[in-house]
Amino acid sequence: DAKTTQPPSMDCAEGRAANLPCNHSTISGNEYVYWYRQIHSQGPQYIIHGLKNNETNEMASLIITEDRKSSTLILPHATLRDTAVYYCIVRVAGSSGSARQLTFGSGTQLTVLP
Amino acid sequence: NAGVTQTPKFRILKIGQSMTLQCTQDMNHNYMYWYRQDPGMGLKLIYYSVGAGITDKGEVPNGYNVSRSTTEDFPLRLELAAPSQTSVYFCASSYEWGSEQYFGPGTRLTVT
């Protein structure tokens, strides 16, 4: 199973872009990169996912390197409400995925500072 | 849509007691999941279900049981509660295996 490595914590100034890195050097060709976040004491919230192309939605952008060994989640204009733990997960989409790939690691604690 | 709902929000159990954590989703999702989250840690998958009548073990299933008699409900049963089961329990559902998961608000369980 592909594993991910994220920094344990990061700070970002309010209004600035927050760039959260994730390393997944053992990712397989059929594994997607997913990002979730968890605001204190709440259930995790889906943000975005992608396979190899960069993706953007109303919440964030996902940049995946050409070799797919790392990715960056970008929150373009961070607000105080974006303070949360951000989880990067790699997993196979479709019915053949392994249940072990649904484990969320320790993630990155992002603190947005006023 | 209420999404994914969980009851109770909080519970204190004595060692050896049993209880059922309830989870209901109203999105007609086939896939449902139970996770536990220990303090300061990430989430670990306990059990999952790919549809009514079908369940399977995740990474940490020992001490738990599940059933899935309907699409909407996926209760988690703790038999003989132990202090190691003190945790926050999250239920989630998704339309298919690789699609985004929707999480409930969690149940905070303390076993003393």
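Residues numbered from 1 in each chain as written. Chains lettered and ligands numbered in written order. Predicted model: local features only at pLDDT ≥ 70, side-chain atom pairs only at ≥ 80, totals over all residues. Heavy atoms only, no water.

(A) Quick look at the overall build of chain A. Scanning chain A from terminus to terminus reveals zero helices and nine strands. Per-residue burial over chain A gives 44% buried out of 114 residues. Put simply, of all contacts in chain A between residues at least 6 apart along the chain, 59% involve residues at least 24 apart. For chain A, the exposed surface amounts to about 5800 Å²; the carbon and sulfur share of it is 48%. (Helix = DSSP H or I, 4+ residues; strand = E, 2+ residues; numbered from the N terminus. Buried < 20%, exposed > 50% of the residue type's maximum accessible area, 1.4 Å probe, protein only. Contact = heavy atoms within 4.5 Å. Areas by Shrake-Rupley, 256 points an atom, 1.4 Å probe, with all protein chains shown as cover.)

(B) The arrangement of the overall build of chain B in detail. Of the regular secondary structure elements, chain B holds zero helices and 11 strands. Shown N-terminal to C-terminal, the secondary structure of chain B runs as helices and strands in the order β-β-β-β-β-β-β-β-β-β-β. For chain B, the spread of C-alpha atoms along the principal axes amounts to about 35 × 25 × 25 Å. Relative to its 112 residues, chain B shows a buried fraction of 47%. A fraction of 55% describes how many contacts in chain B between residues 6 or more apart in sequence connect residues 24 or more apart. Approximately 5300 Å² of chain B is accessible, and the part contributed by carbon and sulfur atoms is 51%. Distance between charge centroids for chain B: 13 Å, based on 9 positive and 9 negative side chains. (Lys, Arg positive; Asp, Glu negative; His and termini not counted. Charge placed at Lys NZ, Arg CZ, Asp CG, Glu CD.)

(C) Just the interface of chain B and chain A, in detail. Each partner contributes to the interface: chain B provides 21 residues, whereas chain A provides 23 residues. Summing the contributions of chain B and of chain A, the shared interface buries around 1700 Å²; its carbon and sulfur component is 53%. Summed over the shared surface of chain B and chain A, the result is zero salt bridges. Summed over the shared surface of chain B and chain A, the result is four residue pairs in polar contact (both at pLDDT 80 or more). Going through the elements one at a time, strand 4 (31-37) and strand 5 (43-51) of chain B are the ones with two or more residues in the side of chain B that touches chain A. Counting residues per element, the side of chain B that touches chain A draws most heavily on strand 5 of chain B, which supplies four residues. Of the residues assigned to the side of chain B that touches chain A, the class counts are 10 nonpolar, six polar and five charged. (Buried area = accessible area lost by both parts, 1.4 Å probe. Salt bridge = Lys/Arg side-chain N within 4 Å of Asp/Glu carboxyl O. Polar contact = N/O pair within 3.5 Å; in protein donor to acceptor, adjacent residues only side chain to side chain. Nonpolar A, V, L, I, M, F, W, Y, C, P; charged D, E, K, R; others polar.)

(D) Geometry of unusual backbone geometry. For the bond running from B:T7 to B:P8, omega is -5°, close enough to zero to count as cis. Residue placement: B:P8 occurs in the loop between strand 1 (4-7) and strand 2 (10-13). Positive phi is not limited to glycine here, since A:S41 has a value of about 70°. We note that B:N28 has phi near 60°; this positive angle belongs to a residue other than glycine. By the element assignment, B:N28 lies in the loop between strand 3 (19-25) and strand 4.

(E) Structural context of the packing of aromatic side chains. With the rule as written, the count across this model stands at 10 aromatic pairs over all chains. Aromatic pair A:Y36 and A:Y46: ring centres 5.7 Å apart, planes at 75°, arrangement edge-to-face. Of this pair, A:Y36 sits in strand 3 (residues 31-38) while A:Y46 is found in strand 4 (residues 45-50), placing the two residues 10 residues apart along the sequence. Across the pair, exposure class does not vary: A:Y36 and A:Y46 are buried alike. The lysine or arginine in question, B:R68, covers the ring of B:F74, its NZ or CZ lying 5.9 Å from the ring centre. (Phe/Tyr/Trp six-rings, centres within 6.5 Å; stacked < 30°, edge-to-face > 60°. Lys NZ or Arg CZ within 6 Å of the ring centre and 35° of its normal.)

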